[in-house]
Amino acid sequence: MSILVQKFGGSSLATVEQLRRVAGRVAAAHRAQRPVVVVVSARGRTTDVLLELTQALNTRPQAREIDQLLSTGESSSAAQLAMALDELGVPAASLTGCQVGIRVSGPHGAGRIDRIDASRVRALLRKGFVPVVSGFQGVNDDGDVVTLGRGGSDTTAVALAAELGAERCEIYTDVDGVFTADPRVVPTARMLPSVDCRMMAEMARSGAKVLHYRSVELASSREVEVYIRNSSKSDPGTVLVRKGGAPVESRGTIVAVTHDADTVEISIFSDQVDSVLLPEVLDRLADVGIETDLFAMTSDGERHAVRFTVTHSGLSHTRAVLAASDLASSYTMCVDETLGKVSLIGSHPAANPAHSARMLRTLAAAGIRAVSVYTAPMQISVLAGGSDGRATRFGVWCGESQE
Ligand code: ASP
Ligand code: MG
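These remarks concern the structure in this document. Everything numeric in this text was worked out from a predicted model, so none of it was measured.

This paragraph deals with unusual backbone geometry. Its identity is not glycine, yet Phe-136 carries a phi of approximately 75°, on the positive side. Structurally, Phe-136 is set in the loop between β6 (130–134) and β7 (137–139). The class for Phe-136 is buried, based on a relative accessible area of 3%. Even without being glycine, Glu-223 reaches a positive phi, approximately 55°.

Structural data, given as structure tokens:
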């Protein structure tokens, strides 16, 4: 019978009661004679607490040690769920990313899954066990644990589902599915019964926390059927669809509004006339795996400026790389940590100038300063002042507009 992968997020495992309920759900699938593989996140706020601990112990904690520590959150969660399953009479075995054979490359904190040797998971399934896999982690060629980036357990689940040829991958969380805006911020946001994978990838990339964006890209490229469901309900949730859903001629339409407060703008100014310096600086960032988001370059012929955004966790890394660079004397750098990003996601939303107009008007009415606007085929993004949650108020617009 075809395999079912169920992934449970930290919010679904926060209390012992919730953990038992999750065990009950897995047990029901197991008793229905289905081979089930479970992937778990760290319970509740565990990852945040561990990160706070690293800061308390060391002002510049080593990336390897951070990964060693953070990965224990998922490993501990998996062992606990396996125990709860056993208590219900379901044979279960917890496995770390390393024990599963999730091979990862790339920097600590931002690993990429290269391959999975799922033979151990398959062997457990054949014996009638439920493998409970620690999400968010893998092992590199040195035998060290490398984590996949915040929210990465979703990516573990979809990658494992792809490797196992699973019939479906269910991602359980504390909301009913994918909404037109974050329902915790925008009470009037609507749930979407289905979302196009490309649209979902764009939403996840732009700050929608419901799914790790790399999991969506994997779902699309490896053709995994993904459902996002509420762990305390039996509702069907949202299904990711690879084709269809939207009308063929949907240019200019909006699907959702997302916001991302984890945005830092870095501006680099230089009066070097040649175009060597700035690409050189960007290459150095790329060499150490720093991901940039919004990117713009302007020049008046004499003075050149490059602006890009990184995450708060990427900031110290970026600073270190740029300061250590032998080019440092050739430019000046400004960092703005007070901005947030708000995005309209849809099919070429910039094609309809009314969307941009409404976006700017709404921000202004809320007293939020729009700093710059970026457009791309599937989004209009505004970098705006007041990332302390004020930018998120902009999401209200979405809930209202979708009525
Ligand atoms: N526990 C990790 C985090 O909080 C990974 C995850 O939840 O997917 O980011
Ligand atoms: Mg998550």
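Right, let's talk about helix α11 (residues 353–365) for a bit. If you check α11, its first and last C-alpha atoms are 18 Å apart, about what 13 residues at 1.5 Å a residue would give, namely 18 Å. Every buried residue of α11 is accounted for by His-355, Met-359 and Leu-363. With its buried residues spanning 65° around the axis, α11 presents them on a single face. Exposed residues on α11 whose side chains face more than 90 degrees from its buried face are Pro-353, Arg-361, Ala-364 and Ala-365.

Once that is clear, we can look at the packing of aromatic side chains. Tallied over the full model, the rule gives one aromatic pair. On the basis of an interplanar angle of 10° and a centroid distance of 4.8 Å, the ring pair of Phe-8 and Tyr-172 is categorised as stacked. Highlighted residues: Phe-8 in strand β1 (residues 4–8) and Tyr-172 in strand β9 (residues 168–173), separated in sequence by 164 residues. Note that Lys-127 overlies the ring of Phe-129, its terminal NZ or CZ placed 5.6 Å from the centroid. A cation over a ring is seen here: Arg-168 above Tyr-227, with NZ or CZ 3.8 Å from the ring centre.

Cut-offs used in this document
Residues numbered from 1 in each chain as written. Chains lettered and ligands numbered in written order. Predicted model: local features only at pLDDT ≥ 70, side-chain atom pairs only at ≥ 80, totals over all residues. Heavy atoms only, no water. Helix = DSSP H or I, 4+ residues; strand = E, 2+ residues; numbered from the N terminus. Buried < 20%, exposed > 50% of the residue type's maximum accessible area, 1.4 Å probe, protein only. Expected span 1.5 Å × (residues − 1). Arc of directions from axis to C-beta. Phe/Tyr/Trp six-rings, centres within 6.5 Å; stacked < 30°, edge-to-face > 60°. Lys NZ or Arg CZ within 6 Å of the ring centre and 35° of its normal.

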